[in-house]
Amino acid sequence: MTELERLQKAKIPCPETGIEIRHTVCDICTPGPQCGIDAFIKDGKVIKVEGTDGFPTNDGVLCTKGAASRQYIYREDRLKTPMKRAGARGEGRFEPISWEDAMAVCAEELNKVKANHGPEAVTFLCGYSKWFRPWLQRLAYSFGSPNYITESSTCHTAEVMSYTSLFGTYSMPDLRNAKMIMSWGSNGVINSYPMGRAVLAMKAQGGKLVVIDPRRTHLAVKYADLYLQPKIGSDAAIAHAMAKIMIEEERYDKAFVDKYCYGFEKYANYVSHFSLSRAEEISGVPAGDIRKALDMFLETDPSTVLPGNGLTHRINGYNIHRAILSLMALSGRYDRPGTMMPARKTLCESDAGFDSLEHDFYMSRWPQNARPRVGSERFPLWTKLLHDRQGQGMDLIRHMEEGTPYPLKAMVCFGVNDRMYLESPRFLAGLDRMDFVVATDIFHTDVINHADIVLPASTSFERSEVKCYMGQFLYYTRPAISPVHDNKDDVEIITLLANALDLDDDLLRSGYDKTVQHMLSTSGIEDWEAVKNSPLPVRAPNAKRYIPGTQLREGFKTPTGKIELSCSVLEEIGRPDLDPLPIHKSSDDDADPAKYPFVLMSGARIPNAVHSRTHNVPWLRSLRPNPSVDINPADAERLGIKQGDTVRIVSTVSSITVKANISSISNVGDVNMFHGYKEANINSIIPVDHLDPYTGFPGYKQLRCRIEKVEDRP
Amino acid sequence: MKYVFVLDESKCVACSACAVACMDQNDIDPLAGDIPFRAAFVDEQGPVEDPKFTFLSIACMHCENAPCMIACPTGCLKKDPETGFTVFDNTNCIGCHSCAMACPFAQPCFNDNSGKMTKCDGCVERVKRGMQPACVKVCPFGALSLVSESEYQELMRTDARKKISYKILD
Ligand code: SF4
Ligand code: SF4
Ligand code: SF4
Ligand code: SF4
């Protein structure tokens, strides 16, 4: 090999090879980390990626998924051109169409539905990615529909509700300053490595880690000083037993509770029924370990719980999450460094240290007199608690099927994934009931096959976008490459739609740069080109560090102005099945335990996947090629199942066939299955009404099932 | 300067980011039968009530008196004098698998179609230009590192933590 060939093969960026580095962000897991990426470009193509050194979230490293960015953006199944349906719905036959014609069809069909059935009959549905959400929300509202719905109906919003009902605002544990962390149902090193790194950094400085998780996670087996393995869904009983001890032994922060908390008496009376032995009976965790965990939590200050998102994926999940947060209030660990802190957001759930006009950007267009949005009557707490007025998408299937309180007739889908919906085939059947479906996506998904018009979207590598970081930084990317096919970025598509629909909304019709700069006009930034030119995120002139204690001083944004141990919004709603207190209640379904002896948990992260987005990336898929269910070795032995055997997971509604992965990551009696596989979609076997009545969230992580060995035919 | 790959086992979670970065660096195509040069493993041992887990990432150890090199009948493998990495030129490879059989870690791999040997070359060209190997650079937990021989000696002397050294065969 010549020297040049060697350089080229090693992909060394230099004038000789013509390989150049351009900066962008990874948008695979979104919207949390969005790590900085150095894209190695040769002849306009990405030939390799690396993490950007000095970038605030990742400083040079990447996770498993981000490292596969090149294959992700060049996936075979990317949508290549706008298309219109040529066969029957679901058949997957399409013919190409120009952007112009596609827009004309969309405008005509959507306006027709609006004229005949009202604007509410059009639902604007958002899946992944999430960077364009404020724009899609404004599009919906400017069109006149209150039905802007996102897949956060299954993912993040229940957490937001729990935090909001207690503290009046979304909050986050301050892992960087905590000296002790109680990680509750969260496997940070795998599900979000920057969070995992913060936990490990705390440990490296001598801090202590308690892990409470029904799965024997990486964090549990490798880093925990104390590991508690509760039965799935029993967490509230553990939290209540801890609260009872704190109150009865006068180890709670009385001054804090007196000054800042509402509902203490009712709450104290309720938790007094949870003795350690009762908690042990419910959870299977030895009483001594519960006490030890509490001692470690209280004896270190500052300390914090790190509650995992998955806690809300049980049908009593909202209460479980609240029960755990209540410990922070009781111990006076709120709004101080190293405890739970109020979270702020500037744009798309991320924080650059100043308030933007984002909320106003879409709420100013809220359709005042529209009929109620999807799910709002069925889930009144959702409706009353959330400031941003999304619909609850878990009521969509019912709404589409029953057509009440009014029929839905058209769907505008952006990155929608049917496999996030329970009994997913019913979601696709619901799409087929629509008069018109337009679907935008990066990839050719199942939902695409059910659309009338298909619009190809870009990845983060092909677009320009603003991203905020860590309460201080703001980043404005330029495209690292031109569109790989005849695709456009989501906001461009929204802008085209707004124009084609001839909406009375000049701002939205003016495109990304103008709208984003409008929302961020409070930043103090004047020269946006300079921000775009910066290789690393910059600090906005108006960015201010949050001063801990501000919230305590200014009062909480709850109806009572206090931290609510008893939720006043629920008191006001007054529905007998919705308790204002964070009660313990079984999250089990009514399936017969004799017939369905296992408890299924789905959705917990594996390193090489996020939802279904990376199952078709060959590098990532090669790491765990088969959809597989984790079964405890003791259960496997009892059932005569060996590693790699084919097994069926059977619920009361359906079944899927997968491979067995024998591992004690699953507790005895539990099985654990990653979601989003086309050939083995675990959510398709979860009943559509297996929902938390408070939040509408699916009980992904607790469902009765049966495991059957399937004899492989020779 | 001679180098040693070091895995700090206490930091590895077997996430495979290193394996993917290597595939990206070396254009590994699993669909075309390419075998990755680096792989991560979780090993679970012991009683069901209290299992012990080990998390590892393994690639070529760049052994000092590399058995693969000695075994190859056509001289495909050699030591890079500058870095000490076991590098290769597979032009003359006859696909006899002698190197793989000699290697205690079964590192040399063979593409399904071409039948020729490939393996980790330590990202030698990158290292020579002051860059880190792709797998080292990506690791989100800083578990993998490439250190000079003298740093390595120092590390072994001062650091009591368990490390999988790439000098296992010394
Ligand atoms: S997928 Fe990984 S690399 Fe990409 S943003 Fe998320 S954490 Fe970062
Ligand atoms: S990237 Fe690091 S933590 Fe992950 S498997 Fe490789 S060495 Fe281990
Ligand atoms: S690990 Fe195997 S391939 Fe690598 S140098 Fe040693 S013998 Fe050769
Ligand atoms: S040093 Fe380079 S070739 Fe070797 S495993 Fe690491 S990335 Fe792969």
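Quick caveat: nothing in here was measured; it's all calculated off a predicted structure. Numbers given to residues run from 1 along each chain, matching the order in which its sequence is written. Lettering for chains starts from A, numbering for ligands starts from 1, and both go in the order in which the items are written. For this predicted model, a pLDDT threshold of at least 70 governs which residues receive local features, and a threshold of 80 or more governs which side-chain atom pairs are given and counted, while totals over whole chains, interfaces and linings are taken from all residues. Hydrogens and waters are ignored; side-chain quantities use all the structure's heavy atoms.

## Structural notes on the overall build of chain A
Rules: The helix and strand labels rest on DSSP assignments: H or I over at least four residues marks a helix, E over at least two residues marks a strand, and numbering proceeds from the N terminus. As a reference, a globule follows 2.2 Å times the number of residues to the power 0.38, and the radius of gyration itself is taken over C-alpha atoms. Throughout, exposure labels follow a simple rule: accessible area from a 1.4 Å probe, protein chains only, divided by the maximum for the residue type, with under 20% read as buried, over 50% as exposed, and the rest as partly exposed. Contacts were defined at the residue level, with two residues in contact if any of their heavy atoms lie within 4.5 Å. Accessible surface is estimated by sampling points in the Shrake-Rupley manner with a 1.4 Å probe; for residues, cover comes only from the protein chains shown. All tallies of charge rest on Lys and Arg as positive and Asp and Glu as negative; His and the ends of each chain are not included. By convention, charge coordinates are those of NZ in Lys, CZ in Arg, CG in Asp, or CD in Glu.
When helices and strands are counted, chain A shows 28 helices and 27 strands. Computed over the C-alpha atoms, the radius of gyration of chain A is 25 Å, within 12% of the 27 Å expected from 2.2 N^0.38 for a compact globule of 714 residues. For chain A, the proportion of its 714 residues judged to be buried stands at 65%. Taking contacts inside chain A between residues at least 6 apart in sequence as the whole, the part at least 24 apart equals 73%. Total accessible area on chain A is roughly 24800 Å²; 49% of this is exposed by carbon and sulfur atoms. Here chain A contributes 85 positively and 90 negatively charged side chains, and the mean placements of these two sets differ by 2 Å.

## Some remarks on the packing of helix α4 (residues 99-117) of chain A against helix α21 (residues 490-500) of chain A
Residue and element names in this part refer to chain A. We apply this condition: For helices, the fitted line uses only the C-alpha atoms of the stretch in contact; every axis is such a line through C-alpha atoms, and the angle between N-to-C directions lies from 0 to 180 degrees. Oblique is the label for any angle not covered by the other classes, which are roughly parallel (under 35 degrees), roughly antiparallel (over 145) and roughly perpendicular (65 to 115). Working rule for handedness: look at the near helix, and if it is turned counterclockwise from the far one by less than a right angle, call the crossing left-handed; if clockwise, right-handed. Residue classes follow a fixed rule: Ala, Val, Leu, Ile, Met, Phe, Trp, Tyr, Cys and Pro count as nonpolar, while Asp, Glu, Lys and Arg count as charged, and any other residue, Gly among them, counts as polar.
Running from N to C, α4 and α21 cross one another at 55°; their axes reach a closest spacing of 9 Å. The pairing of α4 with α21 is recorded here as oblique in orientation. For α4 against α21, the interelement crossing comes out right-handed. The residues of α21 that touch α4, namely those facing W99, M103, C106 and A107, are I493, L496, L497 and A500. The residue makeup of the contact of α4 with α21, split by class, is eight nonpolar, no polar and no charged.

## Some points on the interface of chain A and chain B
Here is the rule: Buried area is understood as the total, over both parts, of accessible area removed when two parts are fitted together, assessed with a 1.4 Å probe. Salt bridges are identified by distance alone: a Lys or Arg side-chain nitrogen within 4 Å of an Asp or Glu carboxyl oxygen. In the analysis that follows, any N or O atom pair within 3.5 Å is treated as a polar contact, provided that within protein one partner can donate a hydrogen and the other can accept it, and provided that, for residues neighboring in sequence, both atoms belong to side chains.
Each side of the interface is counted separately: chain A has 45 residues, and chain B has 33 residues. For the pair chain A and chain B, the two sides together bury roughly 3100 Å², of which 59% comes from carbon and sulfur. Scanning the region where chain A abuts chain B turns up seven salt bridges. With a closest N to O distance of 2.8 Å, R129(B) and E3(A) form a salt bridge. Here chain A and chain B share 21 residue pairs in polar contact (both at pLDDT 80 or more) between them. Of all the secondary structure elements, the ones that give two or more residues to the side of chain A that touches chain B are α1 (3-9), β3 (45-51), α2 (64-67), α7 (188-191), α8 (193-204), α9 (218-223), α27 (618-623) and α28 (633-639) of chain A. Looking at the side of chain A that touches chain B residue by residue, the classes come out as 25 nonpolar, nine polar and eleven charged.

## Re the domain arrangement of chain B
Residue and element names in this part refer to chain B. Here is the rule we go by: An automatic or database domain assignment is the source of the domain bounds shown.
Considered domain by domain, chain B is made up of domain 1 (1-59 + 125-170) and domain 2 (63-119). Each partner contributes to the interface: domain 1 provides 20 residues, whereas domain 2 provides 19 residues. Of the roughly 1500 Å² buried between domain 1 and domain 2, counting both surfaces, carbon and sulfur atoms make up 58%. Among the ionic pairs, D80 bridges to K128, the shortest N-O distance being 3.2 Å. Here domain 1 and domain 2 share six residue pairs in polar contact (both at pLDDT 80 or more) between them. Those elements that place two or more of their residues in the side of domain 1 that touches domain 2 are β1 (3-8) and α4 (124-128).

## With respect to the pairing of strand β18 (residues 466-469) of chain A
Residues and elements named next belong to chain A. Note the cut-off: Paired strands, as defined in this entry, are two strands with at least two bridges between them according to DSSP.
Of the two faces of β18, the one lined by V466 and C468 and the one lined by K467 and Y469 are each fully buried. Where β18 and strand β19 (residues 473-476) come together, four bridges link them in antiparallel fashion. Pairing of Y469 across the sheet is with F473, part of β19. Between β18 and β19, which pair antiparallel in sequence order, lie three residues; one of them, M470, sits at a positive phi of approximately 50°.

## Points about the domain arrangement of chain A
Residue and element names in this part refer to chain A. When cut into domains, chain A gives domain 1 (3-73), domain 2 (83-154 + 347-539), domain 3 (171-342 + 557-573) and domain 4 (598-709). The C-alpha centroid of domain 3 is placed 39 Å from the C-alpha centroid of domain 1. Contacts between the two partners involve eight residues from domain 1, matched on the other side by five residues from domain 3. Note on domain 1 versus domain 3: buried area summed over both sides is about 430 Å², and carbon and sulfur give 53% of it. Remark: the boundary between domain 1 and domain 3 carries zero salt bridges. The interface formed by domain 1 and domain 3 includes one residue pair in polar contact (both at pLDDT 80 or more). Its residues assigned to classes, the side of domain 1 that touches domain 3 shows five nonpolar, two polar and one charged.

## With respect to the nonpolar core
Looking at soluble globular proteins, one finds that nonpolar side chains tend to be buried together. All names here are of chain A. The test is simple: Note on terminology: a nonpolar core comprises buried Ala, Val, Leu, Ile, Met, Phe, Trp, Tyr and Cys residues joined through side-chain atoms within 4.5 Å.
W135, L136, L139 and L474 are the most contacted members of the largest nonpolar core, which has 133 residues in total. Ignoring anything within four residues of it in the chain, the contact list for W135 reads F361, V491, I494, L508, Y512, T515, V516 and M519. Residues V285, Y334, M400 and I686 belong to the second largest nonpolar core, which totals 130 residues.

## Description of the packing of helix α10 (residues 235-248) of chain A against helix α14 (residues 287-299) of chain A
Residues and elements named next belong to chain A. At a minimum axis distance of 10 Å, the contact between α10 and α14 shows a crossing angle of 60°. Taken as axis vectors, α10 and α14 run oblique relative to one another. As for the relative orientation of α10 and α14, their crossing is right-handed in sense. Facing I238, M242, I245 and M246 of α10, the residues of α14 in contact are I290, R291, A293, L294 and L298.

## Thoughts on unusual backbone geometry
Residue S129(A) is bonded to the preceding Y128(A) through a cis peptide linkage, with omega at -5°. When you line up the elements, S129(A) lands in the loop between β6 (122-126) and α5 (133-143). Residues other than glycine seldom take positive phi values, yet H97(B) does so here, at roughly 65°. Within the element layout of this structure, H97(B) appears in the loop between β5 (86-88) and α3 (98-102). Owing to a relative accessible area of 37%, H97(B) belongs among the partly exposed residues under this scheme. Of note, A106(B) is a non-glycine position whose phi angle comes to about 50°, a positive value.

## Description of the site of ligand 1
Put simply, the rule is: Summary of the distance rule: residues count as near a molecule or strand when at least one heavy atom falls within 4 Å of that molecule or strand.
The environment of ligand 1 is formed by C26(A), I28(A), C29(A), P33(A), Q34(A), C35(A), L62(A), C63(A), G66(A) and Y193(A). When the residues that make up the shell around ligand 1 are grouped by side-chain class, the tally is eight nonpolar, two polar and no charged.

## Section: the environment of C705(A)
Residues and elements named next belong to chain A. Here C705 lies in strand β27 (residues 703-709). Of the residues examined, C705 reaches a relative accessible area of 0% and is grouped as buried. It is 4.5 Å that separates the C-alpha atoms of C705 and Y596, two residues lying 109 residues apart in sequence. Every residue in contact with C705, bar those within four places of it in the chain, is listed here: Y596, P597, F598, L600, I649, V650 and V671.

## Describing α21(A)
Counting along an α-helix, one turn takes 3.6 residues, and residues three or four places apart therefore face a common direction. Residue and element names in this part refer to chain A. Looking only at α21, the buried set comprises D490, V491, I493, I494, T495, L497 and A498. If you check the start of α21, you find a side-chain oxygen 2.9 Å away from the backbone N of V491, and it comes from D489. Positive backbone phi, approximately 55°, marks D502, located one or two places after α21.

## Points about the sheet that holds strand β5 (residues 94-96) of chain A
All names here are of chain A. The mixed open sheet is built from seven strands, whose spatial order is β5-β4-β17-β16-β15-β6-β7. Each edge of the open sheet is held by one strand with a lone partner, namely β5 and β7 (148-150). The mean angle between the axes of side-by-side strands here comes to 20°, regardless of whether they run parallel or antiparallel. By the bridge criterion, two bridges tie strand β4 (residues 83-85) to strand β17 (residues 453-456) in an arrangement that is antiparallel. By the bridge assignment for β17, M83 is matched with V454. Here α4 sits on the sheet and contacts β6, β15 (410-414), β16 (436-441) and β17; the angle it forms with β17, its principal contact strand, is near 130°. Across the sheet, α5 is in contact with β6, β7 and β15; its angle to β6 comes to roughly 175°.

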